[in-house]
Amino acid sequence: MSHHTRINADNPIFDSSRTDEFADRLTSVLGHPPDLVDHSFVIQQPELEGRCLFLETLVDKNKIEDNVLRMFAEQPLSPPSDGDSNVEEMVKRRIPIATISVAEDLATCTQRLLEGQCLLVIPGATHVLVLDVAKFQHRAVAEPKTETTVRGPQEALNEDAGISIGLIRKRIRTSDLCLEQMIIGTATETKVIMLYMKSLAPEGIVNEFRSRIGKIHTDSILEGTYVEEWIQDKSMTIFPTMVRTERPDVAVSHLLEGRVAVMVDGSPLVLIGPFTFMQSFTSPEDYYQRADIATFLLWIRFLAFMLAVFVPALYIAVTSYHQGLLPPSLLISISAQREGVPFPSFIEAFLMMTIFEVLREAGLRMPRVAGQAISIVGALVLGEAAVTAGLVSAAMVIVVAITAIAHFVAPFYNFGITQRFLQYFYMILAAVSGGFGILCGVLFTLIHLASLRSFGVPYLAPVAPTFVSDWKDVLVRVPRPSMTTFPRMNKTQRKKR
C-alpha cells in the first residue's frame, strides 16, 4: 500500500566507528546539495564529537540550535559512569524533542533527511538518531476562492495536510473520525490521507477506497486530481463522480453523512465520494439558510442548468428548423436581425460561445486586477462591435449572455465545465437535426448517467433508483428537525441521526 523511494548506494548498515565515512557517503548520495548542513559538535567530554546533518530548507533551525547544538555546547554530557555507559540513551534523554526515532542504514537516513528531519550521528551508538524538526513552507488559512458563500464559515483548507486535518478535527471532536495515511509516488513520496467516520461509513465503500488507492503505482502525485483519475469508477465521462471541495465545513458535512474523503498533501482540495448527479446542485450555503429559502435557491440552480445547457441549442433549432414554433411578432423580429448576418445560426452561435470561452480563460489567466476588466469589457466591446458589423444578431448576444450567467450558478467548478461540454454537444445535435437531435441527445445523456456509478452508488440516486425518503434533502431542503434519518443511498451503518 505504501510505495517508498529506494536509494540504492549499497545501503550500508550504520557503523558507529566510521561516522565520518557514513556522513560522507550520505552527502554523496544526495549529490552534495547546497542546503545540506553537516555540523560537528561536542557531545561528551573529553572530545566525544557527534555529527548533526539536516537540509536547512526543510527544518526549523531554531529547534536544532536551541535543543541540540547550544545545549550541548553549554553543558556537554558528563563522562559515563559504570552504570550509565549507553551514550545513545543518554543523548535521547537529554534532547527535549518529543519525536525521536532511529535509523540503521543509509537509505533510511537519506529518506529521513528528505522528509525534513535531522540526523545525529554519534560515535559508539548502534543507531542514527532522527529528530522530527520538519518545517515546510505553507500559506496561512485564507478564505475559499472557488466556493464563496455569503453565510457560513470563511475558512479554506490548506496545501499543508496537517493544517487541513486540524481544521476538520476542530469541527469533529470525536474519536469516531478515522484517518489512514498512505505514501504514494516513487519520486514525490506524497502523503495521501483517507478520512471517514467509523460508525457511519459503509465498510464496503471504505475497503473499496483503500483498495483503489493502494493500487496506485506512479512516480508522482502533485494534486488531488492525480488520485481522482486513478480511483474513479469510469474515466470516460464528463460528469464528476467525486466532489472536490476546499471548504472544511463541506468536507465535514459529507463525512457526517457516511462518505469518505481523500486528502492529498500539497493540494487544498479534498476528494469526497460517493457523489451523485443530484448533489451537483447542492451548495454549502443551503444549510446556512432557512429551509424555504434554500429550496428556492436549489430550484434556481436547476433552472440555471437547463438554461446553460439548452438555450444555445434551442436557438439554433428554432431559427434553422422550427420557425413555426415562434410567435409571428418574435419571428419577424429575429428574421429582421438575421437578415444581414452572413453565417447560419450554428456558426453564429459556435463562434460567439467560443469567443466567450476564450475571454473567460483570458480573465482567469490574466493578473487578478486586469483579468476581470478584460473579460467584462472584452465581452461588451466585442458583442457590440459584432452586432454593428452585422456578423451576429442581437438575439445571439442575448443568448450568449444568458448562457454565460447561468454557467456561473453551478456550485462546483468542475460541474460548470461539464455544463459547457453539454452545451456544445447539444448545439451540434441541434444543427444536425433540430429538436429531434436535442431529444436524442437528452436520451443518450440519461442512459449514460444511469450507467454511471460512484463507488457502487448509482449516479442518478435517489431519482433512479427511487428513494423517495431521500428527496427531502435533494429536490427540497426540509427543516432541520425533520432530518432524523440518513439518506438511504449512502448506506450508512447507522440509520438514525
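Reading the values: rules and limits
- Residues numbered from 1 in each chain as written.
- Predicted model: local features only at pLDDT ≥ 70, side-chain atom pairs only at ≥ 80, totals over all residues.
- Heavy atoms only, no water.
- Helix = DSSP H or I, 4+ residues; strand = E, 2+ residues; numbered from the N terminus.
- Rg over C-alpha atoms; globule rule 2.2 N^0.38 Å.
- Buried < 20%, exposed > 50% of the residue type's maximum accessible area, 1.4 Å probe, protein only.
- Contact = heavy atoms within 4.5 Å.
- Areas by Shrake-Rupley, 256 points an atom, 1.4 Å probe, with all protein chains shown as cover.
- UniProt positions renumbered as here; feature names shortened; annotations may be inferred.
- Pairing = 2+ DSSP bridges.
- Axes fitted to C-alpha atoms, helices over the stretch in contact; angles between N-to-C directions.
- Parallel < 35°, antiparallel > 145°, perpendicular 65-115°, else oblique.
- Nonpolar A, V, L, I, M, F, W, Y, C, P; charged D, E, K, R; others polar.
- Phe/Tyr/Trp six-rings, centres within 6.5 Å; stacked < 30°, edge-to-face > 60°.
- 1 Å grid on protein atoms, 1.4 Å probe; cavity = no way out; pocket = protein on both sides within 12 Å on 5 of 7 lines; lining within 4 Å.
- Points joined across faces, edges and corners; volume = space filled by probe spheres on them.
- Domains from an automatic or database assignment.
- Salt bridge = Lys/Arg side-chain N within 4 Å of Asp/Glu carboxyl O.
- Left-handed = near helix turned anticlockwise from the far one by under 90°.

Another point: the overall build of the chain. Counting its regular elements, the chain contains 14 helices and 12 strands. Rg of the C-alpha trace for the chain: 30 Å, well past the compact-globule value of 23 Å for 497 residues, more than 25% over. Overall, the C-alpha framework of the chain stretches about 110 × 55 × 40 Å when taken along its three principal axes. Here the chain holds 497 residues, and the buried ones make up 49% of them. Here the analysis covers contacts within the chain between residues at least 6 apart in sequence; of these, 66% occur between residues at least 24 apart. Of the roughly 24300 Å² of accessible surface on the chain, 61% is carried by carbon and sulfur atoms.

Summarizing the sequence annotation, UniProt attributes the feature "transmembrane region" (unreviewed entry) to residues 298-321, 341-359, 371-389, 395-413 and 425-450 in the numbering used throughout. Helix makes up 96% of residues 298-321 and strand 0%, and the two end C-alpha atoms of the span are 33 Å apart. With 100% helix and 0% strand, residues 425-450 has end C-alpha atoms that lie 18 Å from one another.

What follows covers the sheet that holds strand S2 (residues 48-55). Taken together, 5 strands build an open sheet; the order of strands is S1-S2-S4-S5-S3 and the sheet is antiparallel. Two strands close off the open sheet at either side, each with one partner strand: strand S1 (36-44) and strand S3 (100-103). Pairs of neighbouring strands in the sheet enclose a mean axial angle of 30°, with direction left out of account. The pairing of S2 with strand S4 (residues 118-121) spans 3 bridges and is classified as antiparallel. Bridging from a neighbouring strand, Cys 52 pairs with Leu 120 of S4. Packing of helix H2 (residues 61-74) onto the sheet brings it into contact with S1, S2, S4 and strand S5 (128-131), and relative to S1 it is tilted by some 30°.

Two numbers describe how helix H13 (residues 394-407) lies on helix H14 (residues 413-451): the axes approach to 10 Å, and their chain directions differ by 150°. Considering the angle they form, H13 stands roughly antiparallel to H14. Of H14, the residues touching H13 (which contributes Thr 403, Ala 406 and His 407) are Gly 416, Gln 419, Arg 420 and Gln 423. Class assignment for the residues of the contact of H13 with H14 results in 1 nonpolar, 5 polar and 1 charged.

Once that is clear, we can look at the packing of aromatic side chains. Overall, the coordinates contain 19 aromatic pairs when judged by the stated rule. An angle of 75° between the planes, with centres 6.1 Å apart, marks the rings of Phe 239 and Phe 277 as edge-to-face. Of this pair, Phe 239 sits in the loop between helix H7 (224-231) and strand S8 (243-245) while Phe 277 sits in the loop between strand S10 (270-273) and helix H9 (291-320); the two residues are 38 residues apart in sequence, bridging distant segments of the chain. Overall, the relative accessible area of 5% leaves Phe 239 in the buried class. Each ring, one from Phe 350 and one from Tyr 424, has its centre 5.7 Å from the other, and the planes form 75°; the classification is edge-to-face. With Phe 350 in helix H11 (residues 345-365) and Tyr 424 in helix H14, this residue pair connects regions lying 74 residues apart in the sequence.

On to the layout of surface pockets, then. Here the second largest pocket defines a volume of roughly 720 Å³. What lines the second largest pocket is a set of 25 residues, and nearest its centre among them are Glu 115, Phe 136, Glu 189, Lys 191 and Asp 265. Every element with two or more residues in the lining of the second largest pocket is listed here: helix H4 (106-114), helix H5 (161-169), strand S6 (177-184) and strand S7 (190-197). Here the lining of the second largest pocket spans two domains, since at least three of its residues come from each of domain 1 (19-131) and domain 2 (161-275).

Another point: the pattern of salt bridges. For the structure on display, the rule yields 16 salt bridges. For Arg 244, the salt bridge identified is with Glu 228, shortest N-O distance 3.5 Å. A residue pair is termed long-range when its members are at least 10 positions apart, and Arg 244 in strand S8 and Glu 228 in helix H7 qualify at 16 residues. Since its relative accessible area comes to 25%, Arg 244 is described here as partly exposed.

Sheet architecture is open: 5 strands sit in the order S6-S7-S9-S10-S8, paired in antiparallel fashion. Two strands in the sheet have a free side with no partner beyond their single neighbour: S6 and S8. Direction aside, the axes of adjacent strands within the sheet are offset by 25° on average. Bridge analysis of S8 against S10 gives 3 bridges, and the strand direction is antiparallel. Pairing of Thr 245 across the sheet is with Val 270, part of S10.

The next thing to look at is the packing of H9 against H14. Helix packing for two helices is described by the angle between their axes and how far apart those axes are. One can describe the packing of H9 onto H14 by two numbers: an axis separation of 8 Å at closest approach and a directional angle of 35°. Handedness of the crossing formed by H9 with H14: right-handed. Where H9 approaches H14, its residues Phe 305, Ala 308, Val 309, Phe 310, Pro 312, Ala 313, Leu 314, Ile 316 and Ala 317 are matched on the opposing element by Phe 415, Gln 419, Leu 422, Gln 423, Tyr 426, Met 427, Ala 430, Ala 431, Gly 434, Gly 435, Ile 438 and Val 442. Of the residues assigned to the contact of H9 with H14, the class counts are 17 nonpolar, 4 polar and no charged.

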